Amino acid sequence: MEKDGINSFGAYLELITNRNPVVHQITNFVTANDCANAVLAMGGRTVMADYIEEVEEITGAADSLVLNLGVPSEERLQSLLLAGKAANKKRIPVVFDPVGCGASSFRRNAAKKLLHEVEVSVIRGNSSEIQCLFDKYNRMRGIDAETKFDSICTVRKFAEKTHAVVVVTGERDIVTDGDKMYMIENGCKEMSLLTGTGCICSALTGLFLGADTKAVYSAVCAAACVGIAGELSWKRYGECGLGHFHMGLFDMLGNMRKEIFEAEARIHEI
Amino acid sequence: MEKDGINSFGAYLELITNRNPVVHQITNFVTANDCANAVLAMGGRTVMADYIEEVEEITGAADSLVLNLGVPSEERLQSLLLAGKAANKKRIPVVFDPVGCGASSFRRNAAKKLLHEVEVSVIRGNSSEIQCLFDKYNRMRGIDAETKFDSICTVRKFAEKTHAVVVVTGERDIVTDGDKMYMIENGCKEMSLLTGTGCICSALTGLFLGADTKAVYSAVCAAACVGIAGELSWKRYGECGLGHFHMGLFDMLGNMRKEIFEAEARIHEI
Amino acid sequence: MEKDGINSFGAYLELITNRNPVVHQITNFVTANDCANAVLAMGGRTVMADYIEEVEEITGAADSLVLNLGVPSEERLQSLLLAGKAANKKRIPVVFDPVGCGASSFRRNAAKKLLHEVEVSVIRGNSSEIQCLFDKYNRMRGIDAETKFDSICTVRKFAEKTHAVVVVTGERDIVTDGDKMYMIENGCKEMSLLTGTGCICSALTGLFLGADTKAVYSAVCAAACVGIAGELSWKRYGECGLGHFHMGLFDMLGNMRKEIFEAEARIHEI
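Residues numbered from 1 in each chain as written. Chains lettered and ligands numbered in written order. Predicted model: local features only at pLDDT ≥ 70, side-chain atom pairs only at ≥ 80, totals over all residues. Heavy atoms only, no water.

Details of the interface of chain B and chain A
Then, number 1: Facing 25 residues of chain B, the contacting portion of chain A comprises 24 residues.
Then, number 2: On the chain B side of the contact with chain A, F29(B), V30(B) and T195(B) bury the most area, a combined 25% of that side's loss.
Then, number 3: Linking chain B with chain A are 2 salt bridges, by the criterion used here.
Then, number 4: On inspection of chain B and its partner chain A, the count reaches 11 residue pairs in polar contact (both at pLDDT 80 or more).
Then, number 5: Ranked by the residues each element gives to the side of chain B that touches chain A, the list is headed by helix α10 (residues 242–255) of chain B, at 5 residues. (Contact = heavy atoms within 4.5 Å. Buried area = accessible area lost by both parts, 1.4 Å probe. Salt bridge = Lys/Arg side-chain N within 4 Å of Asp/Glu carboxyl O. Polar contact = N/O pair within 3.5 Å; in protein donor to acceptor, adjacent residues only side chain to side chain. Helix = DSSP H or I, 4+ residues; strand = E, 2+ residues; numbered from the N terminus.)

Some details on the UniProt feature "binding site: ATP" (unreviewed entry) in chain A
Residues and elements named next belong to chain A.
Then, number 1: Here the UniProt feature "binding site: ATP" (unreviewed entry) sits at R124 and T169. The greatest C-alpha distance among the annotated residues, which extend across 46 residues, is 7.3 Å, indicating that they converge on a single site.
Then, number 2: Apart from residues no more than four positions distant in its own chain, R124 is found in contact with F96, D97, P98, I130, V167, T169, G198, C199, C201 and S202.
Then, number 3: Polar side-chain contacts of R124 include one of 3.1 Å to the backbone oxygen of G198. (UniProt positions renumbered as here; feature names shortened; annotations may be inferred.)

Focus: the interface of chain A and chain C
Then, number 1: Listed per partner, the contact involves 25 residues of chain A and 24 residues of chain C.
Then, number 2: At the boundary of chain A with chain C, total buried surface from both sides reaches about 1900 Å², with 57% on carbon and sulfur atoms.
Then, number 3: At the boundary of chain A with chain C, the tally comes to 2 salt bridges.
Then, number 4: Our count for the contact surface shared by chain A and chain C stands at 11 residue pairs in polar contact (both at pLDDT 80 or more).
Then, number 5: Counting residues per element, the side of chain A that touches chain C draws most heavily on helix α10 (residues 242–255) of chain A, at 5 residues.
Then, number 6: Tallied by class, the residues present in the side of chain A that touches chain C amount to 11 nonpolar, 10 polar and 4 charged. (Nonpolar A, V, L, I, M, F, W, Y, C, P; charged D, E, K, R; others polar.)

Here we look at the relation of the copies chain B and chain A
Then, number 1: Once turned by 120° and shifted 0.0 Å along the axis, chain B lies on chain A with an RMSD of 0.0 Å. Classification of the inter-copy transformation places it as that of a three-fold axis. Among all residues of chain B, the minimum C-alpha distance to the rotation axis is found for F29(B), at 3.3 Å.
Then, number 2: A different interface surface on each copy is seen, since only 8% of the contact residues of chain B are contact residues in chain A too. (Least-squares fit on C-alpha atoms with pLDDT ≥ 70 in both.)

Focus: unusual backbone geometry
Then, number 1: One non-glycine residue, N20(B), lies in the positive phi region at around 50°.
Then, number 2: Among the structural elements, N20(B) can be located in the loop between α1 (9–19) and β1 (22–26).

Details of the packing of helix α8 (residues 197–210) of chain C against helix α10 (residues 242–255) of chain C
All names here are of chain C.
Then, number 1: Interaxial distance between α8 and α10 falls to 13 Å at its minimum, and their mutual angle equals 15°. Overall, the two elements α8 and α10 adopt an arrangement that is roughly parallel. Once α8 is placed against α10, the crossing between them reads as right-handed. Taken together, the residues of α10 that come into contact with α8 (itself represented by T197, I200 and L204) are L249, F250 and L253.
Then, number 2: For the contact of α8 with α10, the per-class residue count stands at 5 nonpolar, 1 polar and no charged. (Axes fitted to C-alpha atoms, helices over the stretch in contact; angles between N-to-C directions. Parallel < 35°, antiparallel > 145°, perpendicular 65-115°, else oblique. Left-handed = near helix turned anticlockwise from the far one by under 90°.)

Quick word on α10(C)
Then, number 1: Along its 14 residues, α10(C) runs 20 Å from first to last C-alpha, staying within 8% of the 20 Å computed at 1.5 Å per residue.
Then, number 2: Of all 14 residues that make up α10(C), 13 are buried, and the element is covered over most of its length. (Expected span 1.5 Å × (residues − 1). Buried < 20%, exposed > 50% of the residue type's maximum accessible area, 1.4 Å probe, protein only.)

Observations regarding the relation of the copies chain A and chain C
Then, number 1: With an RMSD of 0.0 Å, the operation that places chain A on chain C is a rotation of 120° combined with a shift of 0.0 Å along the axis.
Then, number 2: Of the residues that chain A buries at the interface, just 8% are likewise interface residues in chain C, meaning the two copies contact each other through different surfaces.

Topic: the UniProt feature "binding site: substrate" (unreviewed entry) in chain A
Then, number 1: UniProt tags M48(A) and G196(A) as "binding site: substrate" (unreviewed entry).
Then, number 2: Locating M48(A) in the fold gives a position in strand β2 (residues 45–48).
Then, number 3: The contact partners of M48(A), leaving out residues within four places of it in the chain, are Q25(A), T27(A), A32(A), C35(A), A36(A), V30(B), V71(B) and R107(B).
Then, number 4: Position of G196(A) relative to the elements: it lies in the loop between β8 (181–184) and α8 (197–210).

Details of the sheet that holds strand β1 (residues 22–26) of chain A
Residue and element names in this part refer to chain A.
Then, number 1: Pairing is mixed across the open sheet formed by 9 strands, whose spatial order is β2-β1-β3-β4-β5-β6-β7-β8-β9. Every interior strand has two partners, whereas the edge strands, β2 and β9 (267–269), have only one. Sheet twist, expressed as the mean angle between neighbouring strand axes with direction ignored, is 20°.
Then, number 2: By the bridge criterion, 4 bridges tie strand β3 (residues 64–68) to strand β4 (residues 94–97) in an arrangement that is parallel. Each residue of the ladder has a partner; that of N68, found in β4, is D97. (Pairing = 2+ DSSP bridges.)

Some thoughts on the nonpolar core
Then, number 1: Membership of the largest hydrophobic core comes to 183 residues, with the highest contact counts inside it found for L204(A), L204(B), F261(B), L204(C) and F261(C).
Then, number 2: When sequence neighbours within four positions are dropped, the list of residues in contact with L204(C) reads A38(C), V39(C), M42(C), A222(C), V226(C) and L253(C). (Core = buried A, V, L, I, M, F, W, Y, C linked by side-chain atoms within 4.5 Å.)

A word on helix α4 (residues 74–89) of chain C
Residues and elements named next belong to chain C.
Then, number 1: Helix length check: α4 (16 residues) gives 23 Å between terminal C-alpha atoms against 22 Å at 1.5 Å per residue, within 8%.
Then, number 2: Considered for burial, the residues of α4 that qualify are R76, L77, S79, L80, L81, A83, G84, A86 and A87.
Then, number 3: Elements that come into contact with the buried residues of α4 comprise β1 (22–26), α3 (52–60), β3 (64–68), β4 (94–97) and α5 (105–117).
Then, number 4: Of the residues one or two after α4, R91 is the one with positive phi, at around 60°.

As for the pairing of strand β7 (residues 173–176) of chain C
All names here are of chain C.
Then, number 1: Going residue by residue along β7, you find D173 and V175 tucked away on one face and I174 and T176 tucked away on the opposite face as well.
Then, number 2: Sheet topology note: the strand β6 (residues 165–169)/β7 ladder contains 3 bridges and is antiparallel. In the strand pairing of β7, V168 is matched with I174.
Then, number 3: Between the end of β6 and the start of β7, which pair antiparallel, lie 3 residues.
Then, number 4: Examined bridge by bridge, β7 and strand β8 (residues 181–184) share 4 bridges and lie antiparallel to one another. Across the sheet, residue D173 finds its bridge partner in β8, namely I184.
Then, number 5: Connecting β7 to the antiparallel partner β8 that follows it, the hairpin turn spans 4 residues, and G178 within it adopts a positive phi of roughly 95°.

Side note on the pattern of salt bridges
Then, number 1: One pass over the full model with this rule turns up 30 salt bridges over all chains.
Then, number 2: Taking the shortest distance from any N to any O, the salt bridge between R108(A) and E57(C) comes out at 3.4 Å. With R108(A) in helix α5 (residues 105–117) and E57(C) in helix α3, this pair bridges two chains.
Then, number 3: For R108(A), a relative accessible area of 24% gives the class partly exposed.
Then, number 4: In this structure, E54(B) engages R107(C) in a salt bridge whose closest nitrogen and oxygen atoms are separated by 2.9 Å. One end of the pair, E54(B), is in helix α3 (residues 52–60); the other, R107(C), is in helix α5, on a second chain.
Then, number 5: Residue class for R107(C) comes out buried when judged on its relative accessible area of 2%.

A few points about the sheet that holds β3(C)
All names here are of chain C.
Then, number 1: The 9 strands are arranged β2-β1-β3-β4-β5-β6-β7-β8-β9 in an open sheet whose pairing can be described as mixed. Of all the strands in the sheet, the pair left with one neighbour each is β2 (45–48) and β9 (267–269). When the angles between neighbouring strand axes are averaged without regard to direction, this sheet yields 20°.
Then, number 2: Bridge count for strand β5 (residues 122–126) against β6 is 5 bridges, and the pairing is parallel. In the sheet register, N126 faces β6, and the bridge partner there is T169.
Then, number 3: The sheet contacts of α4 involve β1, β3 and β4, and relative to β3 the element is tilted by about 155°.

In structure tokens, the structure reads:
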């Protein structure tokens, strides 16, 4: 699949349908229902479990793991770490979503610890979350914390250093593995009026990874799918309002097909 | 009501409207909002509380109790046990939903412990959850764990042994109290694309129980209501997509009336 | 703004759009998604965090704090208290929603403790919650607990004693700061068929407070907005059912504008 690269993005959707991957999500209660429904809508299965005594076993039986830092606690952090290490041992790919990681020193330290102890395949956040993570990561390694996060180059540098694919979602999404870099121009600004679109993007990245899609392509596909679903839902339901828009997002995720994806995706290698 | 049996299923709906039962749900955060709204939609009231210090008091004031094993923890298990025992003491009916009980040894042991310490009126799960519970239950009693869960007879045997009504939901739902056995043919396969339809079925079983409906009829009515709502929602909104389908489920639950129930229910005594 | 008073309610909506306040919500998992989406829909931002180690820092960076007693625990109570005190220290306004505070002695004591240790700007509940709080509060101060909660006068008395704005939502909403008293006649009885409309009202009260609206006007605006949204959604979608009604609530909150507010609000000073 790897050699097909950018031209095969649509085909990755079919991998999911064929393989029905199980995504273990350790996530926050605010957006959990949406994250579960998004994975199901696109053809995966999901299990949500966060208790220390069971996370390793559940991760071990999953095809991918999504670690979400929303509404954290010390106990939740221990679960994230245990599950992450179990995934690493079994070579199960891991997505890390540093939700609101700039909001408190507890979250900053938790994120740092997680990046230090768990090898993650993909890190996805908005620009302020990734900026915060980048600063913390650099400080952790004694690098000048003042490095500005003002350019695509910095994202690439962060990917190189962490050996992870880094995704910065926003008006335009940036995805890089430190080598290749993609820009996704799907989505619409109204998506920021719904809670959880970022968490959904991370969950779907886990879904593509679970279907054995290469990390950088998983991240691109997930960002494009969420963006396309948002765009199409807003186009169709925006004038009704945000309730319709929210509902429509799941209509569009469930109806996503190769043809729609290929017609709508605006993915550029840059 | 008992003597009317199968011909009165529609009438049980009216019991709910008349009695407005309060269902105490100890449930997981993924589907809690849907479970609460489903109970309200069909005319009940609900309270969700899971803290050890208050569950007994809250159960004691409720008309039924639903114990859901989703996203468990040791502390949550203690709450399930305490509430269950409080319900038993006051003869408040209990529904047990062993969510994902095959997913970890923690859940298997938790489910076993719960079945051992709490007398439950109804156990509801999908076939793999009930299979897992059945194996664990048998092993617990030194019975050959290899008994195959390959037939309706096994479900009946499990009901006999546990003195509970056992419900296996799936393409067709099976409900038995060890004596009578019903098959419900409502529902549609797309319901598996929404998280929480099983949890909702357990919640609604609690609702019927809370209105003093006999356990086996409560389970039949709840399974039929969820199935009918799913079917009607998919028929009406399926072509729009899964977001509409999810929303429509609550439309249909809220609009469920004796007449609709009786026209749509496909319940067979077998 | 204060001097404009009742004639400026519509203008407070624009304050939110201009100031984009951040509301820190410590809330229950049942309605968290709706509470977050309601705040975003009306132009605010929100952060949900409940871990002891981070709540003070997160409150400190917010424009208002909403303390919701739903699905409580001892640990959650400690977070509510810590965040509340941090807010008091920094003069960040606090809303308290004593969800189900009559349901257990744990909740009654938690509510009492919170009112004792935290200075709150607004207390919002339904009549049984406020009644319970009032009794507990009086008992705490050695006042005759038998004072009947049978009149608007009692609500006023409670506001005077707590130095908080007290809001009793129901068929008609009552808002008073002990001096002025308002009745809001928006909303419809079907809102009680959806879980979370009360929590949403508290969240939106926090949103108005965060935009520097005076407490009594914040409470009036929030109650009116939720009521108007409910009314308009029911008018438009009620015949479809409760799923549509739920969705429509967010359509209407997102579409709320000064003109709609002023045309629809039925606010009386009494």
